[in-house]
Amino acid sequence: MALAGVCALATFILYGADKYFAVKGRWRVPERTLLLCALLPGGPFGVLAGMRLFRHKTRKASFLAINAGGCIVQLLLASLVVDGPTGG
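Keep in mind it's a predicted model, so treat the numbers as computed, not measured.

**Here's the deal with the overall build of the protein**
Reasoning step 1: Assigned secondary structure in the protein consists of four helices and zero strands.
Reasoning step 2: Secondary structure elements in the protein, listed N-terminal to C-terminal, are α-α-α-α.
Reasoning step 3: Over its C-alpha atoms, taken along the principal directions, the protein stretches across nearly 50 × 25 × 20 Å.
Reasoning step 4: The proportion of buried residues among the 88 residues of the protein is 30%.
Reasoning step 5: Considering only contacts in the protein between residues 6 or more positions apart, those separated by 24 or more positions represent 64%.
Reasoning step 6: About 5,800 Å² of surface is accessible on the protein, with carbon and sulfur atoms providing 70% of the total.

**Regarding the packing of aromatic side chains**
Reasoning step 1: Tallied over the entire structure, the rule returns three aromatic pairs.
Reasoning step 2: When the ring of Phe12 is compared with that of Phe54, the centres are 5.0 Å apart and the planes differ by 35 degrees; the resulting orientation is tilted. Linking Phe12 in helix H1 (residues 2–24) with Phe54 in helix H3 (residues 43–54), this pair joins segments that are 42 residues apart in sequence.

**Quick notes on the pattern of salt bridges**
Reasoning step 1: Under the defined criterion, the tally for this structure stands at one salt bridge.
Reasoning step 2: Among the ionic pairs, Arg28 bridges to Asp18, the shortest N-O distance being 3.0 Å. Here Asp18 lies in helix H1 and Arg28 lies in the loop between H1 and helix H2 (31–36), a separation of 10 residues in the sequence.
Reasoning step 3: Judged by its relative accessible area of 0%, Asp18 falls in the buried class.

**Comments concerning helix H4 (residues 61–83)**
Reasoning step 1: Compared with the 33 Å implied by 1.5 Å per residue over 23 residues, the 33 Å span of H4 between its first and last C-alpha is a close match.
Reasoning step 2: Listed as buried for H4 are Phe63, Asn67, Gly70, Cys71 and Gln74.
Reasoning step 3: Against the buried residues of H4 lie H1, H2 and H3.

**Some thoughts on the layout of surface pockets**
Reasoning step 1: Approximately 360 Å³ is the volume attributed to the largest pocket.
Reasoning step 2: Every residue lining the largest pocket is counted, 16 residues in all, and those nearest its centre are Ala4, Pro41, Gly42, Gln74 and Ala78.
Reasoning step 3: If you list the elements that add at least two residues to the lining of the largest pocket, you get H1 and H4.
Reasoning step 4: It is H4 that contributes the most residues to the lining of the largest pocket, eight residues altogether.
Reasoning step 5: The residue makeup of the lining of the largest pocket, split by class, is 13 nonpolar, three polar and no charged.

**Some words on the confidence of the model for the protein**
Reasoning step 1: Chain-level pLDDT for the protein is 83 on average; 93% of the residues reach the 70-or-more range.
Reasoning step 2: At the level of individual helices and strands, the protein shows its lowest average pLDDT in H4, which scores 79, and its highest in H1, which scores 90.

What counts and what doesn't
- Residues numbered from 1 in each chain as written.
- Predicted model: local features only at pLDDT ≥ 70, side-chain atom pairs only at ≥ 80, totals over all residues.
- Heavy atoms only, no water.
- Helix = DSSP H or I, 4+ residues; strand = E, 2+ residues; numbered from the N terminus.
- Buried < 20%, exposed > 50% of the residue type's maximum accessible area, 1.4 Å probe, protein only.
- Contact = heavy atoms within 4.5 Å.
- Areas by Shrake-Rupley, 256 points an atom, 1.4 Å probe, with all protein chains shown as cover.
- Phe/Tyr/Trp six-rings, centres within 6.5 Å; stacked < 30°, edge-to-face > 60°.
- Salt bridge = Lys/Arg side-chain N within 4 Å of Asp/Glu carboxyl O.
- Expected span 1.5 Å × (residues − 1).
- 1 Å grid on protein atoms, 1.4 Å probe; cavity = no way out; pocket = protein on both sides within 12 Å on 5 of 7 lines; lining within 4 Å.
- Points joined across faces, edges and corners; volume = space filled by probe spheres on them.
- Nonpolar A, V, L, I, M, F, W, Y, C, P; charged D, E, K, R; others polar.
- pLDDT = per-residue confidence, 0-100.

Here is the structure:
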């Protein structure tokens, strides 16, 4: 759980930095890197929080779909870890 929290926070900060760089017209974080963050444990939650708070990448359907899918997969995996594969 701690790893997921760290990854979510790092992803959130990365989205904030990319938005800052975009506004300032400076070097940007590659989109591939931003999308790969959704694969990290807890990453999709950091991504969705960053997208919402910083209003960043909210018009890109690919970001929304990949991150929503990442959240669903990670929630399912978390339920398997907590409940086990047989549900209890």
